[in-house]
Amino acid sequence: MAQYGKAQYWDERYTKDPESFDWYQRYAGVSDLLAKYVKKDDAILMAGCGNSRMSEDMLDDGYASITNVDISRVVIDQMSEKYKDKLTYKQMNVCSLEFPEESFDCVIAKGVMDALLCGEGSTANVAKMCLEASRVLKSNGVFFVVSYGVPDNRTQYLENEDYSWKVTTHTVPKPTVSAASTPDTQDANAVHYVYVCQKGGGNEEG
């Protein structure tokens, strides 16, 4: 089984295959949903950015402030060179972010939670990631988690009063599903899940 939770796995993967790759969704697949929660001038942290084109696509769409972090030094060096005049890249562990409290309006984690759940100490590491996301989010900021995991499994990790947020679950069609057809959102194989964790919303209903 691939060691998705280990930096060494990602360093080796990005060394062998430096081509851009987007897990689960391209920006186009989540852009409408993201726009409901995030403003173009918001400070955004792309956690576990990998060599995804999502930040580039968001920049092209008008999002002006995006900071990208990943545990892999290899991919950070690659992406820093590729986008050196456009985007900021830093090597960092999402479980131990090196930013001050309330630095960002939005933290995006596409596939990161699922990767952590494949590694050793998975539950503890997801908890660390969530605590760090909550810490660096401003009041009313959002943690935007894209996952293949169904709500019955994933919300148990996200719904914790320690994180001071309210979780709302959305679905988006998988890219393989025809845009002309309406996906059956009850079919877990047809959708990805987006868990939007809004800070400061812990006591709200609905």
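Residues numbered from 1 in each chain as written. Predicted model: local features only at pLDDT ≥ 70, side-chain atom pairs only at ≥ 80, totals over all residues. Heavy atoms only, no water.

**Notes on the pattern of salt bridges**
Next up, step 1: According to the stated counting rule, one finds 10 salt bridges in the structure shown.
Next up, step 2: For Lys40, the salt bridge is made with Asp61, and the minimal N-O distance between the two is 4.0 Å. Of this pair, Lys40 sits in the loop between helix 2 (27-37) and strand 1 (43-47) while Asp61 sits in the loop between helix 3 (54-60) and strand 2 (65-70); the two residues are 21 residues apart in sequence, bridging distant segments of the chain.
Next up, step 3: One salt bridge in this structure joins Asp77 and Arg73, with 3.0 Å as the shortest N-O distance. Of the two residues, Asp77 and Arg73 both sit in helix 4 (residues 73-82), 4 residues apart, roughly one turn of that helix.
Next up, step 4: Classification of Asp77 by relative accessible area gives partly exposed; the value is 42%.
Next up, step 5: Because the salt bridges share partners, they merge into one network encompassing Arg26, Arg53, Glu56 and Asp57. (Salt bridge = Lys/Arg side-chain N within 4 Å of Asp/Glu carboxyl O. Helix = DSSP H or I, 4+ residues; strand = E, 2+ residues; numbered from the N terminus. Buried < 20%, exposed > 50% of the residue type's maximum accessible area, 1.4 Å probe, protein only.)

**Quick word on the sheet that holds strand 7 (residues 191-199)**
Next up, step 1: Pairing within the open sheet is mixed, and its 7 strands lie in the order 3-2-1-4-5-7-6. The two strands at the open ends of the sheet, each matched to only one other strand, are strand 3 (88-91) and strand 6 (165-173). Put simply, the sheet's adjacent strands are angled 20° from each other on average, direction ignored.
Next up, step 2: Bridge analysis of strand 4 (residues 104-110) against strand 5 (residues 137-147) gives 6 bridges, and the strand direction is parallel. Each bridged residue has a counterpart across the sheet, and for Phe104 the counterpart in strand 5 is Leu137.
Next up, step 3: Seen against the sheet, helix 2 touches strand 4, strand 5, strand 6 and strand 7 and runs at an angle of roughly 155° to strand 6.
Next up, step 4: This element, helix 4, spans strand 2 and strand 3 of the sheet and lies at about 165° to strand 3. (Pairing = 2+ DSSP bridges. Axes fitted to C-alpha atoms, helices over the stretch in contact; angles between N-to-C directions. Contact = heavy atoms within 4.5 Å.)

**So, helix 6 (residues 122-136)**
Next up, step 1: For helix 6, with 15 residues, the first-to-last C-alpha span of 21 Å sits near the 21 Å given by 1.5 Å per residue.
Next up, step 2: Residues of helix 6 that are buried: Ser122, Val126, Met129, Cys130, Glu132, Ala133, Ser134 and Val136.
Next up, step 3: On its buried side, helix 6 packs onto strand 4, helix 5 (112-116), strand 5, helix 7 (151-158), strand 6 and strand 7. (Expected span 1.5 Å × (residues − 1).)

**Some words on helix 2**
Next up, step 1: For helix 2, the set of buried residues is Tyr27, Val30, Ser31, Leu33 and Leu34.
Next up, step 2: Lining the buried residues of helix 2 we find helix 3, strand 4, strand 5, strand 6 and strand 7.

**Here's the deal with the packing of aromatic side chains**
Next up, step 1: The full count for this structure, using the stated rule, is 7 aromatic pairs.
Next up, step 2: For the pair Tyr27 and Tyr63, a centre-to-centre distance of 6.4 Å together with 85° between the ring planes defines the contact as edge-to-face. Of the two residues, Tyr27 sits in helix 2 while Tyr63 sits in the loop between helix 3 and strand 2, which places them 36 residues apart along the sequence. Pair check on accessibility: Tyr27 and Tyr63 agree, each one buried.
Next up, step 3: With a centroid separation of 6.2 Å and 20° between ring planes, the pair formed by Tyr83 and Tyr89 is classed as stacked.
Next up, step 4: Ring-pair connections join several aromatic residues into one group, and the members of that group are Phe143, Tyr163 and Trp165. (Phe/Tyr/Trp six-rings, centres within 6.5 Å; stacked < 30°, edge-to-face > 60°.)

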